[in-house]
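# Descriptive structure summary
One letter stands for each residue in the lines below.
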Amino acid sequence: SFIDGVADDRAKRTACEMAVEVGKRLGARTVAKGLERTADCRVVCQIGFDIGQGFLFAKPMEAARFARTMLRHLAANPR
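The rules behind these values
- Residues numbered from 1 in each chain as written.
- Predicted model: local features only at pLDDT ≥ 70, side-chain atom pairs only at ≥ 80, totals over all residues.
- Heavy atoms only, no water.
- Core = buried A, V, L, I, M, F, W, Y, C linked by side-chain atoms within 4.5 Å.
- Buried < 20%, exposed > 50% of the residue type's maximum accessible area, 1.4 Å probe, protein only.
- Helix = DSSP H or I, 4+ residues; strand = E, 2+ residues; numbered from the N terminus.
- Contact = heavy atoms within 4.5 Å.
- Salt bridge = Lys/Arg side-chain N within 4 Å of Asp/Glu carboxyl O.

Before going further, it helps to spend a moment on the nonpolar core. Listed in full, the 11 residues of the largest apolar core are Ile-3, Val-6, Cys-16, Val-20, Ala-32, Leu-35, Cys-41, Val-43, Val-44, Ile-47 and Phe-49. Going through the elements one at a time, helix 1 (10-26) and helix 2 (38-47) are the ones with two or more residues in this core. For this core, the element with the most residues is helix 2, which contributes four residues. Those residues in contact with Cys-16 that sit more than four places away from it in its chain are Phe-2, Ile-3, Val-6, Ile-47 and Phe-49.

Laid out in structure tokens, this is it:
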């Protein structure tokens, strides 16, 4: 619930910054769960979360469908 609207809410941003700091101190990876808006995603990146997930990227799906989706994406966007 802290992620939704983090771009517009200073209290949420502060809470997220603190969570990332605690995660770093503990050597844990941090996940921004529930990203739905591009503005929130930008802030999450600035704060320093390790990864993010949410409807902004895709709706929940089965593992096999996820694998097919990722393979298609990689084939269409080779490095």
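Here the narrative resumes, following the displayed structure.
Another point: the environment of Cys-16. Here Cys-16 is to be found in helix 1. Linking Cys-16 and Gly-48, residues 32 residues apart in sequence, is a C-alpha distance of 9.4 Å.

Moving on, we come to the pattern of salt bridges. Scanning all chains against the criterion turns up four salt bridges. One salt bridge in this structure joins Glu-21 and Arg-25, with 3.0 Å as the shortest N-O distance. Pair noted here: Glu-21 and Arg-25 are both in helix 1, with a separation of four residues, about one helical turn. A relative accessible area of 37% places Glu-21 in the partly exposed class. Judged by relative accessible area, which is 69%, Arg-25 ranks as exposed. Measuring nitrogen to oxygen at the nearest pair gives 2.9 Å for the salt bridge that ties Asp-40 to Arg-37. Overlapping salt bridges bring together Asp-8, Arg-37 and Asp-40 as one network.

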